[in-house]
Amino acid sequence: MTKIIQAIRGMNDLLPDDVSLYQHVEAVLIKIFLNYGFSEIRTPIIECTPLFKRAIGEGTDIINKEMYNFHDRHSKEITLRPEGTAGCVRAGIEHGLLYNQEQRLWYMGPMFRYERPQKGRYRQFYQIGSEVFGLKGPDIDAEIIIMTARCWRLLGIDNHVRLELNSIGSIETRKNYHHTLVKMLKKNINILDNDSKRRIYSNPMRILDSKNPSIQALLDNIPPLVDYLDDASREHFSELCHLLDLADISYHVNQRLVRGLDYYNNTVFEWITNSLGSQGTICSGGRYDCLVKLLGGPDIPAVGCAIGLERLILLVGSVYPLLKTKKIVDIYLISSGQGTKHSMLTFSEHLRDQLPEFKIMNHFGGGNFSAQFSKANKLSARFVVALGENEIAHHQCIIKDLCNGIQKTISQCHAADTLRALLTNTLEEKYKI
Ligand code: ATP
Ligand code: MG
């Protein structure tokens, strides 16, 4: 027997039923990004390896363990992008988008990380993100957070997520803090787990958000990062908190929140849910004022965030299981009798002209009315439009609501308006919109 070839571990097919939920969520998010004046940018999935090494930082987990690196046919080192910011900055510099102007960009697409696949953690996953270039104040940090809060509100999951916020200070602050942190950690080296021992040399800041309770207990005895913050960072953070208070956004200041990428400074934040186990972060972001310059561009500040679509969709799907169900057919046309098939084809085209927003399907493959009605039920159609010889002779059609069984015969010229009114009501009930 021929062996079946399967997808690569951690890389998922999105089947039609999954895609409809993705499209729903993506449409809500994209509308919000546009509403805030962001423009879309699309960059390649593959970039030169040094771009990520320089941007994300050599000591990070992404660079050390998670990158998909290859050589192309000319032995050039290339990488499947593990995140979207580096490519976005590279493109902005290359095309002159970041010189003497502000820029608000959003992107969406697959990212790749060689991680251990589990619920909410995959080797190919989708991110939708937004980046603002050229603004240094806490007001834009606040607006990005407020915009993400709007995303959760419009998706109806605002009661299922919480915001964690921190300031990691300037790069200078972090250098000073590194020094203290490493000194203290080395004194307690016997308490550290293997991961943390490795991180002392590669990325000690990441030890702050270790999940290991004995390491957290050890950190209680080490001066916190906040003690090292410079005045400008302190001021930036307190103004950000003030703006979030004014916008009625609740947050928890988590002094041990750091990010897995080196390029952040000052503001860092995460939106977290308790509903997805340990993969609970659905969105993370912060400020990265040095990255554009580090990649050879102008010295301009930047701030952004990325939403992990799979995790967000797992959450939306668990709160609204109905959205996960099969994409329902709105109108299913059936016909029986001499010449009725042709009329059905013409009439369905008329309905599609009038009702472009609904899913309208014709029945093909024959059978009597009762067989055709059972096919409509199988497809979870909301309404059946039936055409027999008698209806066609009188320019009429029968509309049947498959939920309550009520049917009526109406003139064909009123059918589109009647169906629109009926469907709009049922959609409101179904999706609670
Ligand atoms: P984590 O701590 O969960 O590994 P991260 O800090 O590596 O996350 P970021 O690099 O900030 O994540 O990516 C932004 C968002 O992308 C995350 O908040 C998460 O929602 C999502 N994400 C990151 N890695 C994965 C993955 N392997 N599979 C699915 N989603 C992911
Ligand atoms: Mg990670």
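Residues numbered from 1 in each chain as written. Chains lettered and ligands numbered in written order. Predicted model: local features only at pLDDT ≥ 70, side-chain atom pairs only at ≥ 80, totals over all residues. Heavy atoms only, no water.

Per an unreviewed UniProt entry, the protein carries the name Histidine--tRNA ligase and comes from Candidatus Erwinia haradaeae. Taken directly from UniProt, the Catalytic activity (unreviewed entry) text for the protein runs: "tRNA(His) + L-histidine + ATP = L-histidyl-tRNA(His) + AMP + diphosphate + H(+)". You can read under Subunit (unreviewed entry) in the UniProt record for the protein the words "Homodimer." (UniProt positions renumbered as here; feature names shortened; annotations may be inferred.)

**Q** Outline the site of ligand 1, listing residues and values.
**A** Lining the immediate environment of ligand 1, one finds 16 residues, of which Arg113, Glu115, Arg259, Thr281 and Ser284 sit closest. Within the side chain of Arg121, one N or O atom sits 2.8 Å away from an oxygen atom of ligand 1. One of the backbone nitrogen or oxygen atoms of Tyr122 is found 2.9 Å away from a nitrogen atom of ligand 1. Contact with the protein chains removes 90% of the 580 Å² of surface that ligand 1 exposes when unbound. For the shell around ligand 1, the secondary structure elements donating two or more residues are β6 (124-133), β10 (281-287) and β11 (302-308). The element contributing the most residues to the shell around ligand 1 is β10, with 4 residues. Looking at the shell around ligand 1 residue by residue, the classes come out as 6 nonpolar, 5 polar and 5 charged. (Near = heavy atom within 4 Å. Polar contact = N/O pair within 3.5 Å; in protein donor to acceptor, adjacent residues only side chain to side chain. Areas by Shrake-Rupley, 256 points an atom, 1.4 Å probe, with all protein chains shown as cover. Helix = DSSP H or I, 4+ residues; strand = E, 2+ residues; numbered from the N terminus. Nonpolar A, V, L, I, M, F, W, Y, C, P; charged D, E, K, R; others polar.)

**Q** Please provide a residue-by-residue account of a negative patch on the surface, values included.
**A** The grouping of Asp139, Glu143, Asp231, Glu235 and Glu239 at the surface amounts to a negative patch. Looking at the negative patch, the elements with two or more residues in it are α5 (138-155) and α9 (231-246). By residue number, the principal contributor to the negative patch is α9, which donates 3 residues. Structurally, Glu235 is set in helix α9. (Patch = residues over 30% accessible without salt bridge, like charges linked within 9 Å, V, L, I, M, F, W, Y side chains within 5 Å. Salt bridge = Lys/Arg side-chain N within 4 Å of Asp/Glu carboxyl O. Lys, Arg positive; Asp, Glu negative; His and termini not counted. Charge placed at Lys NZ, Arg CZ, Asp CG, Glu CD.)

**Q** Explain the sheet that holds strand β3 (residues 68-71) residue by residue, including any values.
**A** Taken in spatial order, the 3 strands of this open sheet run β2-β4-β3, and their pairing is antiparallel. At either margin of the open sheet sits one strand with a lone partner, and together these are β2 (46-48) and β3. When strand polarity is set aside, the average angle formed by the axes of neighbouring strands in this sheet is 35°. Running over the sheet, helix α2 (residues 49-56) touches β2, β3 and β4 (77-80) and is turned about 75° from β2. (Pairing = 2+ DSSP bridges. Axes fitted to C-alpha atoms, helices over the stretch in contact; angles between N-to-C directions. Contact = heavy atoms within 4.5 Å.)

**Q** Pulling in residues and values, what's your account of empty space enclosed by the protein?
**A** Overall, the coordinates contain 1 cavity of 30 Å³ or more when judged by the stated rule. Approximately 50 Å³ is the volume attributed to the largest cavity. The wall of the largest cavity is formed by Ile41, Arg42, Thr43, Arg81, Glu83, Gly84, Gly87, Cys88, Tyr107 and Met111. Sorting the residues of the lining of the largest cavity by element identifies α4 (85-94) and β5 (103-112) as the ones contributing at least two each. In the lining of the largest cavity, the residues fall into 4 nonpolar, 3 polar and 3 charged. (1 Å grid on protein atoms, 1.4 Å probe; cavity = no way out; pocket = protein on both sides within 12 Å on 5 of 7 lines; lining within 4 Å. Points joined across faces, edges and corners; volume = space filled by probe spheres on them.)

**Q** Can you tell me about the pattern of salt bridges, naming the residues and giving the values?
**A** According to the stated counting rule, one finds 16 salt bridges in the structure shown. For Arg90, the salt bridge identified is with Glu94, shortest N-O distance 2.9 Å. Here Arg90 and its partner Glu94 are both found in helix α4, 4 residues apart, which amounts to about one turn of the helix. Taking relative accessible area as the criterion, Glu94 reaches 54% and is therefore assigned exposed. Residue Arg162 is joined to Glu164 by a salt bridge in which the shortest nitrogen-to-oxygen separation is 3.6 Å. The class for Arg162 is partly exposed, based on a relative accessible area of 34%. (Buried < 20%, exposed > 50% of the residue type's maximum accessible area, 1.4 Å probe, protein only.)

**Q** Break down the domain arrangement of the protein for me, citing the residues and quoting the values.
**A** Domain parsing of the protein yields domain 1 (16-170 + 230-321) and domain 2 (327-430). With centres defined by C-alpha atoms, the gap from domain 1 to domain 2 works out at 45 Å. (Domains from an automatic or database assignment.)

**Q** So, α2: which residues are in play, and what are the values?
**A** Of the positions making up α2, those classed as buried are Thr49, Leu51, Phe52, Ala55 and Ile56. All buried residues of α2 fall inside an arc of 160° around its axis, so they share one side. Elements in contact with the buried residues of α2: β2, α3 (61-66), β3, β4, α4 and α10 (291-294). A positive phi of about 110° marks Gly57, the residue just after α2. (Arc of directions from axis to C-beta.)

**Q** Tell me what's going on with the sheet that holds strand β13 (residues 360-362), and back it up with residues and numbers.
**A** Hydrogen bonds along the backbone pair up the strands of a sheet, which may run parallel or antiparallel. The strand order across the open sheet formed by 5 strands is β13-β12-β14-β15-β16, and the pairing between neighbours is mixed. If you trace the sheet from one side to the other, it starts and ends with β13 and β16 (407-411), each paired once. Adjacent strand axes in the sheet meet at a mean angle of 25° when their direction is disregarded. Across 4 bridges, the pairing between strand β14 (residues 383-388) and strand β15 (residues 396-401) is antiparallel. Bridged to Ala386 within β15 is Ile398. On top of the sheet, helix α13 (residues 340-354) reaches β12 (331-336), β13, β14 and β15; it is set at about 160° to β12, its chief contact. Along the sheet, helix α14 (residues 369-378) contacts β12, β14 and β15; its crossing angle with β12, the most-contacted strand, is approximately 170°.

**Q** Got a sec to walk through the nonpolar core? Specific residues and values, please.
**A** Val89, Phe133, Leu185 and Tyr263 are the most contacted members of the largest nonpolar core, which totals 48 residues. Among all residues touching Leu185, those that are not within four sequence positions of it are Leu192, Ile200, Ile207, Leu218 and Ile222. Judged by nonpolar contacts, the second largest core, of 44 residues, contains Ile145, Ala149, Leu276 and Ile307. (Core = buried A, V, L, I, M, F, W, Y, C linked by side-chain atoms within 4.5 Å.)

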